[in-house]
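For reference, the chains in residue letters:
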Amino acid sequence: MGAGLSLRCASGVPHMHVWETFVSYHFPYSTGHHHKQPQAVSASDVSVEDKESFQIRTLFHHLRLQLQPFKHLALMAESEPVSKPTLVGEKRGCLQDRDEETPTKKPKVESDHENGNAPNPDDGGKEGLEGEASDEEDGESFADMMKHGLTEIDVGILKYVSDHEGFSGILKERYSDFVVNEINKQGRIVHLDDLSIPTDSEEGAETEEQPSDCEVLTEEQKKQLSELQLFKNKEGNVSIEIIDDTKEKRTLVHKAIKTQFPGLETKTEEKEGHKFIVAYHVAGKKALAAPRKHFWPKNRGSYCHFALYKENKDTMDAINVLSKFLRLRPNMFSYMGTKDKRAITVQEIAVLKITAERLAHLNKCLMNLKLGNFCYKNHPLKLGELQGNHFTVVIRNISGTDEQVQQAMTSLKQTGFINYYGMQRFGTTAVPTQQVGRAILRNDWKQVVDLILKPRPGAEKVYLVHCREEWAKSQDPEAALKKLPNKRCVEGQLLRGLSMYGKKNIVTAFGQIPRNNRLMYVHSYQSVVWNTMVSRRIEAFGLKAVEGDLVLRGPRAHVLSAEEAESHSIHDIVMPLPGYDVIYPSHHIGDGYRELLSADGLDLNNMRHKVKDYSLAGAYRRIIIRPTDVSWEVINYDNPRISLVHSDFEKLENKPAPVFNKEGKYRALRMEFSLPPSTYATMAIREVLKLDTSIKKQTQLNTVWFN
């Protein structure tokens, strides 16, 4: 079976399995990390996606003796998988922190920058808040490890809106089973359907300034440079002799190579009295060099906007790849939201003063990425400007009858789902992110350090275990820091801060962690409060508007009277995330906020913090979301390795759409729907299948397989 999510109904049968999460802990290379693959695996003759499935099946074979006789181990349902925090800095207005849905200055409608794709402080990454998953284990079994995780109950996810019977299925068995197309600020679904280069009135002027390749490079030289660009040149460089040498001619050759073959750098060398221009591959070595100035027509917009199509790659990873090939800083790119890694996604990207021609040339050498739909505009993109995302989701091997599927999808279309914050917002380790957030809000900085650095139950990297043990033993940040080979994880950043500023200046030391990651802790606390209070609200009043509920009137909230409640529906009702500039429902649920925060040592009337970053104004969030553009079909198929979705790239390549066998032995539910920003597709799928999406709960339900 490919890496996926096996989902079971609530009647004692397993809901869901956690295969990919298991693999990411034990065999990180199977989910994108760079480790050696087992010698036995030989899958060079299959596609990237098939190779991934092949690797996982081979790993499963190696694990059979340890885990036999369990059969279905799969990935937690994360409609918006965690992505690495942005590496692009915080100064550019178009690239703000990813997770700014809870404002610190003024109240507004709560709005994530992506559908449920908030940065996860427990996600390993280049600047992640926790160490990456590793093949190094401390001997604890996966089942034992997950005893320390969270369940939906722990984060306030308790209710469903419909009463249909749930059914089982496999989500993300293949990454092509999950397709996300961004909905831009004009409300248009972004597709990759055009690879042509746009023309404008100034293109001729640019051509006159820069002679074409045919005047500078020969066909043989182009062939050699193309092979070098694609890493097919064994020499590692290409030397071009300059006949009738002049500085002007050398300059033209330098420019032609760098323009036509992004990712290549050039230098001039003299050999035996002859001048040569040597081209070589420097992706990664000079990526941060200042971009060179090129002629730019006055009539053309300063920003080239394009559709980025990616497969099984995180948005920031993709931008880092582009920046290396183009020799740009990553913050030259802007975007409206980050997208899933384990998925096929299409989104709009903008880059400052890079021609569509240079971008289009990258299509020759990029893997799992494609650029197209180029146009020039005078503005960058801003985080959060999107209107939402359109999802195409395939749930394979479903057990539900056609009638069950009809009931579930009709309910999703007509009523919607509870707009809970999904499990991925709260981390997966033994120390939930909301606990750290609560300590920050209480100004208990000693506990903040304790929660992040103290030894914890559950499996993690060996060097993280040693780091925590050293900290517990010596309380010496420098000694603990030496245990970490990767000092850009949150532990390393905090320890570096403690080493620089001392243990008596924890606030400043904590500031060494990137701002968006620090804010994620307090936002996580707000989120668990919101989930809890919404569950209480639905328990108390059901799915109807009542006196004392809140609705939005412009940017402000208004308390409904009994008469006004009669003319409103549950879809109008909002609930506040706690903060100093929001109001609360006037019925007893409003009082519940005060009681809940008081139990956590916080005062609802004093949400301003000594550190301005952690002063939370609060925001409003709709409690029920009704997806738009909902459609679905049950399809039959025989081959589990075939794609069941016709992607934009396949359409561009004129590849045929998948053909389904009506008598096929497997059944799948293919659904499409659009969601606004700040919603988790995980929660929509939870409502359809009636499942608990926490890894801990799924592991408990699968005890028989872990025996």
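Residues numbered from 1 in each chain as written. Predicted model: local features only at pLDDT ≥ 70, side-chain atom pairs only at ≥ 80, totals over all residues. Heavy atoms only, no water.

**Regarding the overall build of the chain**
Helix and strand counts for the chain stand at 22 helices and 19 strands. Burial analysis of the chain (707 residues in total) assigns 57% to the buried set. Within the chain, residue pairs in contact and separated by at least 24 positions form 78% of the contacts whose partners lie at least 6 positions apart. Of the accessible surface of the chain, which amounts to about 29,300 Å², a share of 48% is contributed by carbon and sulfur atoms. (Helix = DSSP H or I, 4+ residues; strand = E, 2+ residues; numbered from the N terminus. Buried < 20%, exposed > 50% of the residue type's maximum accessible area, 1.4 Å probe, protein only. Contact = heavy atoms within 4.5 Å. Areas by Shrake-Rupley, 256 points an atom, 1.4 Å probe, with all protein chains shown as cover.)

**Considerations on the pattern of salt bridges**
Applying the stated criterion across every chain, the model contains 19 salt bridges. Here Lys 267 ties to Glu 269 by a salt bridge, and the two come within 3.3 Å at their closest N and O atoms. Relative accessible area serves as the criterion here: at 37%, Lys 267 is assigned to the partly exposed category. Here the salt bridges do not stand alone but share partners, grouping Arg 515, Arg 518 and Asp 613 into one network. (Salt bridge = Lys/Arg side-chain N within 4 Å of Asp/Glu carboxyl O.)

**Here's the deal with the confidence of the model for the chain**
In the predicted model, the chain carries a mean pLDDT of 77, and 72% of its residues have values of at least 70. Long-range and interchain partners of residues 54-107, a stretch whose pLDDT sits below 50, account for 214 contacts in this model, where long-range means more than four residues apart. (pLDDT = per-residue confidence, 0-100.)

**Here's the deal with the pairing of strand 6 (residues 274-281)**
Of all the 8 residues making up strand 6, 6 are buried; the element is thus mostly covered by neighbouring parts of the structure. Looking at chain direction, strand 4 (residues 237-241) and strand 6 are connected through 5 bridges and run antiparallel. Bridged to Ser 239 within strand 6 is Val 278. Bridge count between strand 5 (residues 264-271) and strand 6: 8 bridges; the pairing is antiparallel. Each bridged residue has a counterpart across the sheet, and for Glu 265 the counterpart in strand 6 is Tyr 280. What sits between strand 5 and strand 6 in their antiparallel hairpin is a turn of 2 residues, with Glu 272 showing a positive phi close to 50 degrees. (Pairing = 2+ DSSP bridges.)

**Structural notes on the packing of helix 10 (residues 433-441) against helix 11 (residues 445-453)**
Axis separation between helix 10 and helix 11 bottoms out at 8 Å; the angle between their running directions is 160 degrees. In this view, helix 10 runs roughly antiparallel relative to helix 11, as classed from their interaxial angle. Considering the relative orientation of helix 10 and helix 11, their crossing is left-handed. Here helix 10 contributes Gln 435, Val 436, Ala 439 and Ile 440 to the contact with helix 11, which in turn contributes Trp 445, Gln 447, Val 448, Leu 451 and Ile 452. (Axes fitted to C-alpha atoms, helices over the stretch in contact; angles between N-to-C directions. Parallel < 35°, antiparallel > 145°, perpendicular 65-115°, else oblique. Left-handed = near helix turned anticlockwise from the far one by under 90°.)

**Overview of the sheet that holds strand 4**
One open sheet accounts for 3 strands, arranged 4-6-5; its pairing is antiparallel. Of all the strands in the sheet, just strand 4 and strand 5 have a single pairing partner and so form its edges. Strand after strand, the sheet turns through a mean of 25 degrees between neighbouring axes, direction not considered.

**A short note on the packing of aromatic side chains**
Enumeration over the complete set of coordinates arrives at 13 aromatic pairs. On the numbers, 5.9 Å between centres and 50 degrees between planes, the contact of Trp 445 with Tyr 614 is tilted. Here Tyr 614 lies in the loop between helix 18 (588-599) and strand 16 (619-622) and Trp 445 lies in helix 11, a separation of 169 residues in the sequence. Pair check on accessibility: Trp 445 and Tyr 614 agree, each one buried. Seen from the ring of Tyr 376, Arg 300 lies directly overhead, with NZ or CZ sitting 4.5 Å from the centre. In this arrangement the basic side chain of Arg 608 is found over the ring face of Tyr 580, its NZ or CZ atom lying 3.7 Å from the centre. (Phe/Tyr/Trp six-rings, centres within 6.5 Å; stacked < 30°, edge-to-face > 60°. Lys NZ or Arg CZ within 6 Å of the ring centre and 35° of its normal.)

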